[in-house]
Amino acid sequence: MAVAYEEDDNKGLVSDAWDYKGRPAKALESGGWTSAASILVVELTERLTTLGIAVNLVTYLTGFMHLGSAQSANTVTNFMGTSFMLCLLGGFVADTFLGRYLTISIFATVQAMGVTILTVSTIVPGLRPPPCSADGVCIRANGTQLSVLYLALYLTALGTGGLKSSVSGFGSDQFDEASPKEKSKMLSFFSWFFFFISIGSLAAVTILVYIQDNLGRKWGYGICACAILAALLVFLSGTRRYRFKKLVGSPITQIARVFFAAWKNRSLDLPSDSSLLYQGDLDSAGKKMAMLNHTKQFRFLDKAAIVRGDQDIEAEKINIWHLSSVTQVEEVKMVVSMMPIWATTIMFWTVYAQMTTFSVQQATTMNRHIGKSFQIPAASLTVFFVGSILLSVPVYDRIIVPIARKFTGRREGITTLQRISVGLIFSLLAMVFAALTEIKRLRLAHSSKNPNGVVPMSVFWLVPQFFFVGSGEAFTYIGQLDFFLRECPKGMKTISTGMFLSTLSLGFFVSSALVTIVDKMTTSNGSGGWITDNLNMGKLYNFYWLLAVLCVLNFAFYLICAKWYVYKDQRMANSGLKVDNATELEECFHA
């Protein structure tokens, strides 16, 4: 098979890429921006759909399905958490069995099925409870109605997880790194990828939410279903031009093999000389690996590289579940060393989850009018959240980095871990402002003539908490992504995105757990809790204070972990190896 790239030759072949018939891909007849554009359309509709459902779901659950505040909030956070957690499953399936093209095609279809069922549930009267009576009596959704709702939501979540795990990678596959011209286009692709995510987010929290609140949920969800199907057709229409890569296997399997081998050899003593450990230089696919030097951290894992007496390392094939090379063990050690940082970033996304649940519920109780006729949809307050993200990124790049560079001497201004820390501080400030705003809102609610109605307080008092979480995301999201991609082992690049997305997922699940615990511990005889169905009768500010305290404790632990962590380039320098961070980062993005 030819592997050279010849830009001036129409028959030039792209290295390590095939067309839809399994033939070596021709450089000028495949890939490029034509193919990438079809993939960007899929990501646009995925973001539009997922966020369009999530940001306004809590009002649908409380206003139409008549669920309580705590259950509604947990339904939203569980939906979002499952969406991100299933990215790990989607990535494993794509890397090991289906490849990215089939994964996108299948999971886009699954997502379309989920949104279609959700649309039908809003149209068929029997799939939702009747409206509340004139005297305020509301009938809660029954088991069948909730089953259909949950089926729709979790099919959508499954589709989202499969799509998010493969869309960016398949897009980068359309550009050949062997060509300097195409390599620069590949880096531009990620900028456009983020742009399309932002456009989808803005459309979701403005246009889509407005349609849901003013024309009906069936129109809002129906538009999402049609958009996904249209994007799927656009994606499939580009099949003849796509470039496909061979399956490389999931790095999760390598981690499992190292831990299994270490556990199997747990009773064996480690040799005093690390050179006696298995130094094999081939990976599981039989390709030459870049060798890593042995380190003394997490020595238990070194037992995976002990050569047992019954193993023949000269044999053509060894049992990869019983013996791992030092390099494979060191790659797993790198992943393990990142886990404390991974764990301490989960709290940010727990705070983030409140922006799509209780903050939206707060907005429904406040004055949302602009002028005399126009009323802002409650979920559209998240436009300030998205706007602060888009504002913070250029401010950071154009103002903060140049100033920080003068003080630190670093080209990037501040380190990746310092950037994440700023985001964690912003999440703390967001909860402080949220608690203070809720105290003010409750005082006005209790002093008003209609304590159960709309509070005479502008909804724009909620802007600070949306602003701080949005700005915090600009620091934490990009900082985490940079950290996991830059610090990921070269031989296990695809796991970095999974680790990053799992922090988002667990943040939502932690939010669900906290809400459940707080609701049970503060509620006596069905009333008087912090989180009540009528927020004007509850003490939501105490829940925000609780999150603020947890943010302080988490930040203190984060500082300890950040001080302990040694960056990969420093570890490589200490071991006498050289690493090119820029190249490593590009390779991780490509994965």
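The rules behind these values
Residues numbered from 1 in each chain as written. Predicted model: local features only at pLDDT ≥ 70, side-chain atom pairs only at ≥ 80, totals over all residues. Heavy atoms only, no water. Helix = DSSP H or I, 4+ residues; strand = E, 2+ residues; numbered from the N terminus. Buried < 20%, exposed > 50% of the residue type's maximum accessible area, 1.4 Å probe, protein only. Contact = heavy atoms within 4.5 Å. Areas by Shrake-Rupley, 256 points an atom, 1.4 Å probe, with all protein chains shown as cover. Patch = residues over 30% accessible without salt bridge, like charges linked within 9 Å, V, L, I, M, F, W, Y side chains within 5 Å. Salt bridge = Lys/Arg side-chain N within 4 Å of Asp/Glu carboxyl O. Disulfide = S-S within 2.5 Å. Axes fitted to C-alpha atoms, helices over the stretch in contact; angles between N-to-C directions. Left-handed = near helix turned anticlockwise from the far one by under 90°. Nonpolar A, V, L, I, M, F, W, Y, C, P; charged D, E, K, R; others polar. Phe/Tyr/Trp six-rings, centres within 6.5 Å; stacked < 30°, edge-to-face > 60°. Lys NZ or Arg CZ within 6 Å of the ring centre and 35° of its normal. pLDDT = per-residue confidence, 0-100. Core = buried A, V, L, I, M, F, W, Y, C linked by side-chain atoms within 4.5 Å. Pairing = 2+ DSSP bridges. Expected span 1.5 Å × (residues − 1). Bend = angle between axes of the 7 residues up to and from the residue.

K.L.:
Give a description of the overall build of the protein that names residues and reports values.
P.N.:
Along its length, the protein carries 16 helices and 6 strands. Evaluated residue by residue, the protein yields a buried proportion of 52% over its 591 residues. In the protein, the proportion of contacts linking residues at least 24 apart, taken out of those at least 6 apart, comes to 80%. Counting every atom, the protein has about 26200 Å² of accessible surface; 63% of that belongs to carbon and sulfur.

K.L.:
Give a description of a nonpolar patch on the surface that names residues and reports values.
P.N.:
Nonpolar side chains collect at one region of the surface, where Leu391, Val395, Ile399, Ile400, Ile403, Phe407 and Phe467 lie side by side and expose about 660 Å² of accessible area between them. Element by element, the count of residues in the nonpolar patch is highest for helix α10 (residues 382-408), at 6 residues. Looking at the secondary structure, you find phenylalanine 467 in helix α12 (residues 463-487).

K.L.:
So, the state of the cysteines: which residues are in play, and what are the values?
P.N.:
All chains considered together, the criterion is met by 1 disulfide. Across a sulfur-sulfur distance of 1.8 Å, cysteine 132 and cysteine 138 are joined as a disulfide pair. Sign of the S-S torsion, about 110 degrees for the bond between cysteine 132 and cysteine 138, identifies this disulfide as right-handed. Classification of cysteine 132 as partly exposed rests on a relative accessible area of 33%. With relative accessibility at 40%, the residue cysteine 138 sits in the partly exposed group.

K.L.:
An account of the packing of α12 against helix α13 (residues 495-522) is needed here, citing residue identities and associated values.
P.N.:
For the pair α12 and α13, the least separation of the axes is 8 Å and the interaxial angle reads 150 degrees. Of the two possible hands of crossing, α12 and α13 adopt the one that is right-handed. Within the contact between the two elements, α12 uses Tyr477, Gln480, Leu481, Phe484 and Leu485 and α13 uses Ser496, Thr497, Met499, Phe500 and Thr503. Of the residues that constitute the contact of α12 with α13, the class distribution is 6 nonpolar, 4 polar and no charged.

K.L.:
Please set out the side chain of glutamate 330 residue by residue, giving values where relevant.
P.N.:
Following the sequence through the fold, glutamate 330 ends up in helix α7 (residues 326-344). On the accessibility criterion, glutamate 330 (4% relative accessible area) is buried. Residues in contact with glutamate 330, not counting those within four places in the same chain, are Leu292, Asn293, His294, Thr295 and Asp302.

K.L.:
For the packing of aromatic side chains, give the residues involved together with the corresponding values.
P.N.:
Geometry of an aromatic ring pair is reported as the spacing of the ring centres plus the angle between the planes. In the structure shown here, the tally under the stated rule is 30 aromatic pairs. Considering the side-chain rings of tyrosine 101 and tyrosine 242, the 6.0 Å spacing of their centres and the 55 degrees angle between planes classify their relative orientation as tilted. Here tyrosine 101, found in helix α2 (residues 69-123), pairs with tyrosine 242, found in the loop between α5 (217-237) and α6 (251-264); they are 141 residues apart in sequence, far enough to count as distant. With a centroid separation of 6.3 Å and 20 degrees between ring planes, the pair formed by tyrosine 210 and phenylalanine 374 is classed as stacked. Here the residue tyrosine 210 occupies a position in helix α4 (residues 180-214), and phenylalanine 374 occupies one in strand β5 (residues 374-375), the gap between them amounting to 164 residues. Judged by its relative accessible area of 39%, tyrosine 210 falls in the partly exposed class. Counting every residue linked through ring pairs, the aromatic cluster contains Phe84, Phe348, Trp349, Tyr352, Tyr477, Phe500 and Phe508. The ring of tryptophan 263 has arginine 266 lying over it, and the distance from NZ or CZ to the ring centre is 4.1 Å. Stacked on the ring of tryptophan 461, the Lys or Arg lysine 440 has its end atom at 4.9 Å from the ring centre.

K.L.:
Account for the environment of valine 469, with residues named and values stated.
P.N.:
Looking at the secondary structure, you find valine 469 in helix α12. Residues in contact with valine 469, not counting those within four places in the same chain, are Phe348, Val351, Tyr352, Met355, Phe385 and Ala430.

K.L.:
So what's going on with the environment of valine 41? Residues and values would help.
P.N.:
Residue placement: valine 41 occurs in helix α1 (residues 32-63). Residue valine 41 is classed as partly exposed on the basis of its relative accessible area, which comes to 28%. On a C-alpha basis, the gap between valine 41 and valine 234 in space is 7.8 Å, while along the polypeptide they are 193 residues apart.

K.L.:
Please set out the pattern of salt bridges residue by residue, giving values where relevant.
P.N.:
A complete count under the given rule lists 7 salt bridges for this structure. Across the salt bridge formed by glutamate 46 and lysine 164, the nearest N and O atoms sit 3.7 Å from each other. Taken together, the positions of glutamate 46 in helix α1 and lysine 164 in helix α3 (residues 143-172) put the pair 118 residues apart, joining distant regions of the chain. Glutamate 438 is the salt-bridge partner of arginine 441, the closest N and O atoms lying 2.8 Å from each other.

K.L.:
Describe the confidence of the model for the protein, listing the residues and the values that go with them.
P.N.:
In this model, the protein carries an average pLDDT of 83, and 89% of its residues clear a pLDDT of 70 or more. No element of the protein has a lower mean pLDDT than helix α16 (residues 581-590), which averages 42, and none a higher one than helix α14 (residues 540-564), which averages 95. With pLDDT under 50 throughout, residues 1-10 is counted as low confidence; its partners more than four residues away or in other chains account for 20 contacts.

K.L.:
Quick one: what's the story with the nonpolar core, residue by residue and with numbers?
P.N.:
If you look at the biggest cluster of nonpolar residues, it comprises 112 residues, and the most contacted ones within it are Leu417, Met431 and Phe543. In this structure phenylalanine 543 touches Gln354, Phe358, Leu514, Val515, Val518, Trp530 and Ile531, once residues within four positions along its chain are discounted. In terms of nonpolar packing, the next biggest core, distinct from the first, is built from 21 residues, Val42, Phe175, Met186 and Phe189 among them.

K.L.:
Residues and numbers for the pairing of strand β6 (residues 455-458), please.
P.N.:
Side-chain alternation along β6 places Val455 and Met457 on a buried face and Pro456 and Ser458 on a face that remains uncovered. Relative to β6, strand β3 (residues 366-367) runs parallel, the two being bridged by 2 bridges. What sits directly across from asparagine 367, in β6, is serine 458.

K.L.:
Residue-level account of α1, with values.
P.N.:
An ideal rise of 1.5 Å per residue puts 46 Å on 32 residues; α1 measures up with 47 Å between its terminal C-alpha atoms. At leucine 57, α1 shows its maximal kink, close to 50 degrees. Counting buried positions over the 32 residues of α1 gives 25, a clear majority of the element.

K.L.:
So what's going on with the environment of alanine 25? Residues and values would help.
P.N.:
With respect to the secondary-structure elements, alanine 25 resides in strand β2 (residues 24-26). Taking the C-alpha atoms as reference, alanine 25 lies 8.7 Å from tyrosine 242; in sequence the two are 217 residues apart. Apart from residues lying up to four places away in sequence, alanine 25 is in contact with Gly12, Leu13, Val14, Ala17, Trp18, Asp19, Ser30 and Arg243.

K.L.:
I'd love a proper account of the pairing of strand β1 (residues 13-18), names of residues and values included.
P.N.:
Here β1 lies mainly inside the structure; 5 of its 6 residues are buried. As paired elements, β1 and β2 share 2 bridges and run antiparallel to each other. Its bridge partner being in β2, leucine 13 is matched across the sheet by lysine 26. Turn length for the β1-β2 hairpin, with the two strands adjacent in sequence and antiparallel, is 5 residues, and the turn residue glycine 22 shows positive phi of about 85 degrees.

K.L.:
Could you give an account of unusual backbone geometry, with specific residues and numbers?
P.N.:
The phi angle at histidine 66 is positive, at roughly 60 degrees, despite the residue not being glycine. Take histidine 66: it is sitting in the loop between α1 and α2.

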